[in-house]
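Fold and contact review
Read off the chains here:
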Amino acid sequence: MVLNKTYAICPVSATTINEKTARLNGGFTLLLLIIFAMTQNLIPVVFLASDFLLRSLQLSRYSLLTYLSKGISRLLLLDKKMINAGPKIFAARVGLIFSIGILIAGIAGLPSLSLSLAAILGLFSFLESALGICVACMIYPWLYRILYKINYTV
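Residues numbered from 1 in each chain as written. Predicted model: local features only at pLDDT ≥ 70, side-chain atom pairs only at ≥ 80, totals over all residues. Heavy atoms only, no water.

The next subject is the overall build of the protein. Broken down by element type, the protein carries 6 helices and 2 strands. Relative to its 154 residues, the protein shows a buried fraction of 37%. Looking at the protein as shown, the accessible area adds up to about 9000 Å², and 72% of this sits on carbon and sulfur atoms. (Helix = DSSP H or I, 4+ residues; strand = E, 2+ residues; numbered from the N terminus. Buried < 20%, exposed > 50% of the residue type's maximum accessible area, 1.4 Å probe, protein only. Areas by Shrake-Rupley, 256 points an atom, 1.4 Å probe, with all protein chains shown as cover.)

Turning to the packing of aromatic side chains, a few remarks are in order. Taken as a whole and assessed by the stated rule, the structure comprises 1 aromatic pair. On the numbers, 5.8 Å between centres and 75° between planes, the contact of Phe 98 with Phe 124 is edge-to-face. Residue Phe 98 is located in helix α4 (residues 86-107), and its partner Phe 124 is located in helix α5 (residues 111-131); the two are separated by 26 residues in the primary sequence. (Phe/Tyr/Trp six-rings, centres within 6.5 Å; stacked < 30°, edge-to-face > 60°.)

For the rest of this paragraph, the subject is unusual backbone geometry. Across the chain, the bulk of peptide bonds are trans and the bulk of non-glycine residues have phi less than zero. Phi at Gln 58 takes a positive value of approximately 60°, unusual for a residue other than glycine. Considering the arrangement of structural elements, one finds Gln 58 in the loop between α2 (43-56) and α3 (64-75).

Its volume calculated, the largest pocket comes out at about 810 Å³. If you go around the largest pocket, you meet 36 residues; those closest to its centre are Ile 17, Ala 22, Asn 25, Arg 55 and Lys 88. At the level of elements, β1 (16-18), α1 (19-39), α2, α3, α4, α5 and α6 (135-153) are the ones that each hand at least two residues to the lining of the largest pocket. The element best represented in the lining of the largest pocket is α4, accounting for 6 residues. (1 Å grid on protein atoms, 1.4 Å probe; cavity = no way out; pocket = protein on both sides within 12 Å on 5 of 7 lines; lining within 4 Å. Points joined across faces, edges and corners; volume = space filled by probe spheres on them.)

Inspection of the secondary structure assignment puts Ser 56 in helix α2. Given a relative accessible area of 5%, Ser 56 falls into the buried group. For Ser 56, the contacting residues outside a window of four places in its chain are Ile 89, Ala 92, Arg 93 and Leu 96. (Contact = heavy atoms within 4.5 Å.)

Let us look at the nonpolar core. Formed by 22 residues in total, the largest nonpolar core has its most connected members in Leu 33, Leu 48, Phe 52, Ile 102 and Leu 121. Listed by contribution, the elements that provide at least two residues to this core are α1, α2, α4, α5 and α6. For this core, the leading source of residues is α4, giving 7 residues. When residues no more than four places from it in sequence are discounted, the contact partners of Leu 33 are Leu 48, Ile 102, Ala 118, Leu 121, Gly 122 and Ser 125. (Core = buried A, V, L, I, M, F, W, Y, C linked by side-chain atoms within 4.5 Å.)

Below, the structure written as structure tokens:
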């Protein structure tokens, strides 16, 4: 697979998003994963996968979690802290991959695997929500260096 230099999984975006909204999204994600873990019902994960898909395609204006998070931010009068949207788009893509993995494992009758994947995604969501640490955003530069290196060695 050859990637050109302008290709990026985590694009530096010309748009910005409110970090408080992203952190609230992380909290909602964690809550839905806890519901999944307690019930083993895949519906919360289907919802998460759909929401992550919208956000990863930069269609967050259609994301119910983003809508709720923005509303809560306004209701609580949280200060806006605008950040580049690119890393959060990549994080949504990672969340989508994990959600799909949870779904596949759940459908395949592999509850330990689905719970393990949910625990990892839940940890990422907790770190984002409670501490403002975006693990996917920290992983991206390392991943990009590998992809960029592959591009020039092929």
